[in-house]
Amino acid sequence: MKWSDLSYDDNDFYIPYSENQQVVRGYFLRTLGIDLENIPEDLFKPCLLYNPNGKKFSEYKSQKVFVWEVLGSSYADYAGDSWLMAFLKIKRAPAYIQNGDVTPNKYFWMLKRPIHKQNAPIKLTKARDGFYIDGNGNHRITMYMMMYLAALSKSNSYHRRELNRYWFYAKVRQELQ
């Protein structure tokens, strides 16, 4: 699929989607090495919706999590489609990209800081099948997931050492039985 063929229905989301926003997002993907004329299938990995209603949880604790362990979000505006579509829906993504706030080096540094040194730590729920964004972090994890999936798509035999770079610290609560 081509980048220019992607869109989402404005009626399904709370922001208008302009051509400039698509250009800025496309620029970001190009900096990650994505061919916009042939978007890799890896970027269409599902971003699952998690429903925390009626469930019990442990207290939040600091934990190291690999980005590929995050399966989705409890925030319905982003989850329920692919990670690429979640990326398209991030309202402030163009501003983050244009301000230079979203680069692999910044994310590797920022997300790997201990919880007590983070301004707004990412909050996750660990369910039986994996982790879900459950509060702060939808934008950061989605942008980080794009970095990871772009890197993953560039090689058929991605080195384990490279995969191990995509981790972060988060506040994690466990879903209880």
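Counting of residues starts from 1 at the beginning of each chain's written sequence and follows it residue by residue. Predicted model: local features are reported for residues with pLDDT of at least 70 only, side-chain atom pairs are reported and counted for 80 or more only, and whole-chain, interface and lining totals are derived from all residues. Processing note: side-chain calculations cover all non-hydrogen atoms of the structure and skip hydrogens and water entirely.

### What about the overall build of the protein chain?
Step number 1: Every helix listed is a DSSP run of H or I at least four residues long, and every strand listed is a run of E at least two residues long, numbered separately from the N terminus. Broken down by element type, the protein chain carries six helices and seven strands.
Step number 2: Counted from the first residue to the last, the protein chain has its helices and strands arranged as α-β-β-β-β-α-α-α-β-β-α-α-β.
Step number 3: Classification of the 177 residues of the protein chain by burial places 47% in the buried group.
Step number 4: Per-residue and other accessible areas follow the Shrake-Rupley method at a 1.4 Å probe size, with only the shown protein chains counted as cover for residues. Accessible surface for the protein chain amounts to roughly 9500 Å². Of this, 47% is attributable to carbon and sulfur atoms. Exposure classes here rest on a 1.4 Å probe applied to the protein chains alone. A residue is buried below 20% of its type maximum, exposed above 50%, and partly exposed in between.

### Topic: the pairing of strand E1 (residues 46-49)
Step number 1: Should DSSP find at least two bridges between two strands, the strands are regarded as paired. As judged from the two bridges shared by E1 and strand E4 (residues 81-82), these two strands associate in the antiparallel manner. Bridge assignment links Cys 47 to a residue of E4, and that residue is Asp 81.
Step number 2: Relative to strand E3 (residues 70-73), E1 runs parallel, the two being bridged by two bridges. Residue pairing across strands places Leu 48 opposite Gly 72, the latter belonging to E3.

### Points about the pairing of strand E5 (residues 123-126)
Step number 1: In terms of strand pairing, E5 meets strand E7 (residues 167-174) through four bridges, oriented parallel. When the sheet's bridge partners are listed, Lys 126 is paired in E7 with Gln 174.

### A word on the pattern of salt bridges
Once their charged atoms are close, side chains differing in charge can pair, the charge on each being opposite to the other.
Step number 1: For this analysis, a salt bridge means a side-chain nitrogen from Lys or Arg found within 4 Å of a carboxyl oxygen belonging to Asp or Glu. According to the stated counting rule, one finds two salt bridges in the structure shown.
Step number 2: Of the charged contacts in the structure, one is a salt bridge between Glu 37 and Lys 2, with a shortest N-O distance of 3.6 Å. Of this pair, Glu 37 sits in the loop between helix H1 (19-31) and E1 while Lys 2 sits in the segment before H1, placing them 35 residues apart in sequence.
Step number 3: For Arg 173, the salt bridge identified is with Asp 134, shortest N-O distance 2.5 Å. On the criterion of sequence distance, the pair formed by Arg 173 in strand E7 and Asp 134 in the loop between strand E6 (131-133) and helix H5 (138-153) is long-range, its members being 39 residues apart.

### Some remarks on the packing of aromatic side chains
Step number 1: Geometry of aromatic contacts follows a simple scheme: Phe, Tyr and Trp rings, the Trp one being its six-membered ring, pair when their centres are within 6.5 Å, and the pair is stacked under 30 degrees between planes, edge-to-face over 60, tilted otherwise. As enumerated under the stated definition, the model contains twelve aromatic pairs in all.
Step number 2: Pairing Tyr 144 with Phe 168 gives two aromatic rings, centres 6.3 Å apart and planes at 75 degrees, and the pair type is edge-to-face. You can see Tyr 144 sitting in helix H5 and its partner Phe 168 sitting in strand E7, a full 24 residues away along the chain. Like Phe 168, Tyr 144 is buried.
Step number 3: Ring centres of Trp 167 and Tyr 169 lie 5.1 Å apart, and the angle between their planes is 80 degrees; this geometry places the pair in the edge-to-face category.

### Focus: the sheet that holds E6
Step number 1: Read across the sheet, seven strands follow the order E2-E7-E5-E6-E3-E1-E4 without closing on themselves; strand pairing throughout is mixed. Every other strand in the sheet has two partners, leaving strand E2 (61-66) and E4 as the edge strands with one partner each.
Step number 2: Looking at chain direction, E3 and E6 are connected through three bridges and run parallel. Looking across to E6, one finds that Ser 73 is bridged to Ile 133.

### Some points on H1
One turn of an α-helix holds 3.6 residues; hence residues three or four places apart share an orientation.
Step number 1: In this model, H1 (13 residues) spans 19 Å end to end at C-alpha, consistent with the 18 Å of a helix rising 1.5 Å per residue.
Step number 2: Among the residues of H1, Gln 21, Gln 22, Val 24, Arg 25, Gly 26, Phe 28 and Leu 29 are the ones counted as buried.
Step number 3: Packing partners of the buried residues in H1 comprise helix H2 (83-89), helix H3 (93-98) and H5.
Step number 4: Positive phi appears at Gly 33, one or two residues downstream of H1, with a value of about 90 degrees. The span one expects for a helix is its residue count, reduced by one, times 1.5 Å. Note on contacts: a residue pair qualifies if any of its non-hydrogen atoms lie within 4.5 Å across the two residues.

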